Each structure stands twice: as C-alpha cells, then as structure tokens.
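As a plain string of letters, each chain reads:
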Amino acid sequence: MAPLVVENVTKQFRQGDRLVQALNGVSLELCQGQFLAIMGASGSGKSTLLHLMAGLARPDSGRVLINSISIGELSDRELTLFRRRNIGLVFQSFNLIPTLTAEENIGLPLMLEGKNGSTGAAKIGELLESLGLSRRRTHRPDAMSGGEQQRVAIGRALVSDPAVILADEPTGNLDSANSRSVCELLRDLSQIHGKTIVMVTHEPTVAAYAQEVAVLKDGRLIERFATDGMQDGQTLAARYQECVR
Ligand SMILES: Nc1ncnc2c1ncn2[C@@H]1O[C@H](COP(=O)(O)OP(=O)(O)OP(=O)(O)O)[C@@H](O)[C@H]1O
Ligand SMILES: [Mg+2]
C-alpha cells in the first residue's frame with residue numbers, strides 16, 4: 001500500500017476576472033520511506049500541490065489518498081483529525097506558538113488529542129533528545145535560533161508519529177549550516193524511520209538530500225528523476241535546468 005497517492009489533481013484559482021490553472025492533472029505515488037523533493041519555478045504550483053496533499057485545500061478534480069483514505073471525501077472536522085494523526089506539516093516560517101516553550105510546542109498536537117499524559121511526556125523527551133534540543137526544552141521560540149525553531153517544528157510534526165511528512169521550503173529561512181542539519185534530519189527520518197516525505201524546495205543542494213526530484217512546470221509534473229550520484233547539488237541543478245528549459 002502506497003502511503004501517498006495523488007491522482008490526476010487539478011486546481012484553479014480566480015484572480016480578479018482571470019482564472020489561473022495552478023495544477024493541471026498531476027499524479028504521483030510514493031512508497032513507504034520514500035523522500036521526494038518537488039522543484040519548479042515560482043508559481044509552478046508546488047505549494048498548491050502540497051496543500052492538496054495535506055488536505056488544506058481540496059482539488060477541483062482528482063483525488064489524494066493518504067494510507068488509502070481519499071481525504072477529499074472527509075468532512076472538515078474529519079479532515080482536521082485525520083491530518084493531526086497522519087500528516088506532519090513543516091513550513092518555511094516555523095509557525096510556532098510564541099508563548100509556548102520548545103517542549104510545549106512539540107507537545108501541542110498531543111494536547112489537542114488529550115494525550116498529554118506520561119506516555120506523551122516520554123515521547124516529547126525522546127524527540128527533544130533526538131533533535132538535539134534537550135537543553136532548549138524550556139526555551140520559547142524567540143530564545144532559539146532559526147535552526148532550533150525549525151527542529152522544534154519538525155518535532156511537532158513528528159510527535160503524533162504520522163506516516164507522511166509534508167514540508168514546504170523547510171530550509172527557506174535557514175543559513176547553510178542549519179539548512180544542512182534540517183536536511184540530514186529529514187533524510188534520516190525517511191531512511192532510518194521509514195517516514196514518507198515530500199519536500200518543496202528551490203535549492204538543488206537541499207533537493208540532493210531526497211531520493212528523487214519531481215519537477216513542476218505550469219501546473220504539470222514534467223519529470224521525475226533519481227538523485228543518485230548528485231550529492232553535490234551541481235549535477236542536480238544542471239539536470240533540473242535541462243527539465244525546465
Ligand atoms: N489562494 C490563491 N488565490 C489565487 N491564486 C492563487 C492562490 N494560491 C496560489 N495561486 C496561484 O496559483 C499559482 C501556483 O501558486 P503556488 O503558490 O502553488 O506556486 P509555488 O510553485 O509554490 O510558487 P513559489 O515558489 O513562489 O512559492 C500561482 O499563479 C499563484 O498565483
Ligand atoms: Mg510556494
């Protein structure tokens with residue numbers, strides 16, 4: 001069973017009196033533990049696709065299946081619960097709650113589920129440890145670096161143990177050292193912990209951490225290629241340029 005399947009999705013937006021075709025028949029499938037990077041020019045539909053996968057928006061046609069559940073058929077309330085349990089979301093702008101500490105931000109999804117007992121506390125402790133944040137446990141976001149804040153956001157995405165992680169430019173606000181540590185973390189999550197990950201990025205050096213790259217152009221998926229032997233980013237950049245030329 002593929003944990004994530006996208007079947008021929010389309011999505012239009014109205015901009016004034018103009019209709020924009022943000023996605024125009026995109027299909028893809030990811031097996032468990034696969035790490036896919038989505039690249040494409042600004043406006044090519046990357047975030048729209050990620051939002052559809054997360055059930056944050058509904059496609060005009062086509063379907064998204066997560067663990068064989070067609071998420072477009074869920075009610076808003078069912079979708080909120082489903083998302084909280086099955087999908088970990090990570091955004092460029094960490095989206096942490098400023099008044100909560102690192103451990104409280106990580107534990108937020110458990111609190112919303114009423115699962116913040118001792119098992120929850122142990123899980124949060126484990127995550128803080130594995131994310132290298134044990135000494136930041138009681139720090140609020142404004143007392144942490146960008147990299148630390150993004151690791152907290154990743155902890156929050158992981159705390160419910162979702163099968164699928166969706167990340168929209170997770171390194172977009174990070175310097176190169178922090179960016180590298182977030183990329184290594186995502187790679188380990190797929191390779192060691194079997195998480196299925198989709199990550200949108202503009203940066204070839206970041207995409208090189210994924211196993212595969214899917215290229216979007218004008219709302220269509222025009223190419224999907226493996227990153228084997230492209231670890232430096234330069235070969236990947238050249239391959240990507242070839243696709244979008
Ligand atoms: N809520 C919206 N209302 C109207 N138009 C939208 C909306 N969201 C996206 N669009 C349009 O859909 C197209 C795809 O947008 P999307 O945000 O998916 O692109 P992107 O590939 O993520 O770009 P970027 O790299 O700049 O983040 C663009 O033309 C955008 O203007
Ligand atoms: Mg975007």
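The present account deals with the structure reproduced in this document. The model shown is predicted, which means the values in this text are computed figures rather than measured ones.

This part covers the site of ligand 1. Neighbouring residues of ligand 1: 14 residues in total, closest Gln15, Ser42, Gly43, Lys46 and Thr48. With respect to ligand 1, the side chain of Ser47 contributes an N or O atom lying 2.9 Å from an oxygen atom. At 2.9 Å from an oxygen atom of ligand 1 is found a side-chain nitrogen or oxygen belonging to His202. A total of 630 Å² of accessible area belongs to ligand 1 in isolation, and the protein chains cover 64% of it. Looking at the shell around ligand 1, the element that brings in the most residues is helix α1 (residues 46–54), giving three residues.

Relative to the helices and strands, Leu74 is located in the loop between β5 (69–70) and α2 (76–86). In sequence terms Leu74 and Glu129 are 55 residues apart; their C-alpha atoms lie 36 Å from each other. Ignoring any residue separated from it by four or fewer positions in sequence, one finds Leu74 in contact with Arg58, Ile69, Leu79 and Phe82.

The next subject is the nonpolar core. Counting 42 residues, the largest nonpolar core has Ile106, Leu189, Val213 and Leu236 as its most contacted members. Those residues in contact with Leu236 that lie beyond four places of it in its chain are Met39, Pro204, Ala207, Ala208, Val213, Phe225, Thr227 and Met230. Ranked by size, the runner-up nonpolar core spans 28 residues in total, among them Leu23, Leu79, Ile87 and Ala214.

The antiparallel open sheet is built from four strands, whose spatial order is β2-β1-β4-β5. Looking at the sheet topology across the chains shown, the edges are occupied by β2 (18–30) and β5. Strands in contact with α1 are β1 (4–15), β2 and β4 (61–66); relative to β1, the strand with the most contacts, it is inclined by about 120°.

Under the defined criterion, the tally for this structure stands at eleven salt bridges. Salt-bridge contacts for Arg224 lead to Glu212; the nearest nitrogen and oxygen are separated by 2.9 Å. On the criterion of sequence distance, the pair formed by Arg224 in strand β10 (residues 220–226) and Glu212 in strand β9 (residues 212–217) is long-range, its members being twelve residues apart. You can call Arg224 partly exposed: its relative accessible area is 28%. Assessed through its relative accessible area of 16%, Glu212 is described here as buried. Note that Glu223 is salt-bridged to Arg239, the shortest N-O span being 3.6 Å. Of this pair, Glu223 sits in strand β10 while Arg239 sits in helix α8 (residues 234–244), and the two are 16 residues apart along the sequence. Its relative accessible area of 29% is what places Glu223 among the partly exposed residues. On the basis of relative accessible area, Arg239 is assigned to the partly exposed category, the value being 23%. When salt bridges that share partners are traced, they join Arg84, Arg85, Glu113 and Lys115 into one network.

Pairing is mixed across the open sheet formed by six strands, whose spatial order is β6-β7-β8-β3-β9-β10. The open sheet has two edge strands, β6 (87–91) and β10, and neither has a second partner. Taken over all neighbouring pairs, the strand axes of this sheet differ in orientation by 15° on average, direction set aside. With four bridges connecting them, strand β3 (residues 35–39) and strand β8 (residues 196–200) associate as parallel partners. Each residue of the ladder has a partner; that of Ile38, found in β8, is Val200. Of the strands in this sheet, β6 and β7 (164–168) are in contact with α2, which crosses β6 at around 80°.

What counts as what
- Residues numbered from 1 in each chain as written.
- Chains lettered and ligands numbered in written order.
- Predicted model: local features only at pLDDT ≥ 70, side-chain atom pairs only at ≥ 80, totals over all residues.
- Heavy atoms only, no water.
- Near = heavy atom within 4 Å.
- Polar contact = N/O pair within 3.5 Å; in protein donor to acceptor, adjacent residues only side chain to side chain.
- Areas by Shrake-Rupley, 256 points an atom, 1.4 Å probe, with all protein chains shown as cover.
- Helix = DSSP H or I, 4+ residues; strand = E, 2+ residues; numbered from the N terminus.
- Contact = heavy atoms within 4.5 Å.
- Core = buried A, V, L, I, M, F, W, Y, C linked by side-chain atoms within 4.5 Å.
- Buried < 20%, exposed > 50% of the residue type's maximum accessible area, 1.4 Å probe, protein only.
- Pairing = 2+ DSSP bridges.
- Axes fitted to C-alpha atoms, helices over the stretch in contact; angles between N-to-C directions.
- Salt bridge = Lys/Arg side-chain N within 4 Å of Asp/Glu carboxyl O.

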